Amino acid sequence: MDAREAIVTRRSVREYNSKSLGTGIIEEIIGAGRYAPSSGNIQTWKVIVITDEKMRDNIASISMKQNWISQAPVLLVVCGDKTMLESYYDKRGDKYCTQNVAAAVENML
């Protein structure tokens with residue numbers, strides 16, 4: 001599959017099976033995020049891998065009650081730390097951090 005086909009055929013999934021993902025697949029997905037552009041090449045994002053059912057339920061609940069989230073066997077929560085970017089870019093660091101996280105997630109998708 002080429003990049004254009006991947007972009008055009010992307011879809012949002014709302015139903016999951018209970019099949020467990022191997023660690024290698026999860027690492028490959030997260031690794032794809034490392035190739036995303038970031039401000040000053042400062043990758044200020046971290047990924048929290050969540051497999052615990054109760055934690056997935058809690059996240060679904062606080063995510064505007066999007067209960068379909070808890071059905072996924074694994075959740076990847078991508079967080080940005082703007083403090084380092086703000087030391088380089090002042091107030092723009094906040095926006096840059098959001099853009100960096102978004103670019104990494106796009107690669108993971």
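Every value quoted in this text rests on a predicted model; they were computed, and no experiment measured them.

Asks: Could you clarify how one ought to interpret the packing of aromatic side chains in this entry?
Replies: The full count for this structure, using the stated rule, is two aromatic pairs. With 6.5 Å between their ring centres and 50° between their planes, Y88 and Y89 make a pair best called tilted. The class of Y88 is exposed, set by a relative accessible area of 57%. With centroids separated by 5.0 Å and ring planes inclined at 80°, the aromatic side chains of Y89 and Y96 adopt a geometry described as edge-to-face. Each residue in the set Y88, Y89 and Y96 is aromatic and connected to the rest through ring pairs, giving one cluster. In this structure, R14 is placed above the aromatic ring of W68, and the distance from its NZ or CZ to the ring centre is 4.2 Å.

Asks: Just checking my understanding: could you explain the side chain of S38 for this structure?
Replies: By secondary structure assignment, the location of S38 is in the loop between α2 (23-34) and β1 (45-50). Look at S38 and you get buried, because its relative accessible area is 16%. Those residues in contact with S38 that sit more than four places away from it in its chain are Q43 and N100.

Asks: Explain unusual backbone geometry here, please?
Replies: Across the chain, the bulk of peptide bonds are trans and the bulk of non-glycine residues have phi less than zero. Its identity is not glycine, yet N41 carries a phi of approximately 55°, on the positive side. Looking at N41, the relative accessible area reads 61%, which means it is exposed. Even without being a glycine, D90 presents a positive backbone phi close to 55°.

Asks: Would you mind showing me how to read the pattern of salt bridges here?
Replies: Where charged atoms of side chains with opposite charge meet at close range, the side chains can pair. Tallying each qualifying case throughout the model produces one salt bridge. In this structure, K82 and D94 form a salt bridge, with 3.6 Å as the shortest nitrogen-oxygen distance. Here K82 is found in helix α4 (residues 82-89), whereas its partner D94 is found in helix α5 (residues 92-108), with twelve residues between them in sequence. Under the relative-accessibility criterion, K82 is labelled partly exposed at 34%.

Conventions adopted
- Residues numbered from 1 in each chain as written.
- Predicted model: local features only at pLDDT ≥ 70, side-chain atom pairs only at ≥ 80, totals over all residues.
- Heavy atoms only, no water.
- Phe/Tyr/Trp six-rings, centres within 6.5 Å; stacked < 30°, edge-to-face > 60°.
- Buried < 20%, exposed > 50% of the residue type's maximum accessible area, 1.4 Å probe, protein only.
- Lys NZ or Arg CZ within 6 Å of the ring centre and 35° of its normal.
- Helix = DSSP H or I, 4+ residues; strand = E, 2+ residues; numbered from the N terminus.
- Contact = heavy atoms within 4.5 Å.
- Salt bridge = Lys/Arg side-chain N within 4 Å of Asp/Glu carboxyl O.

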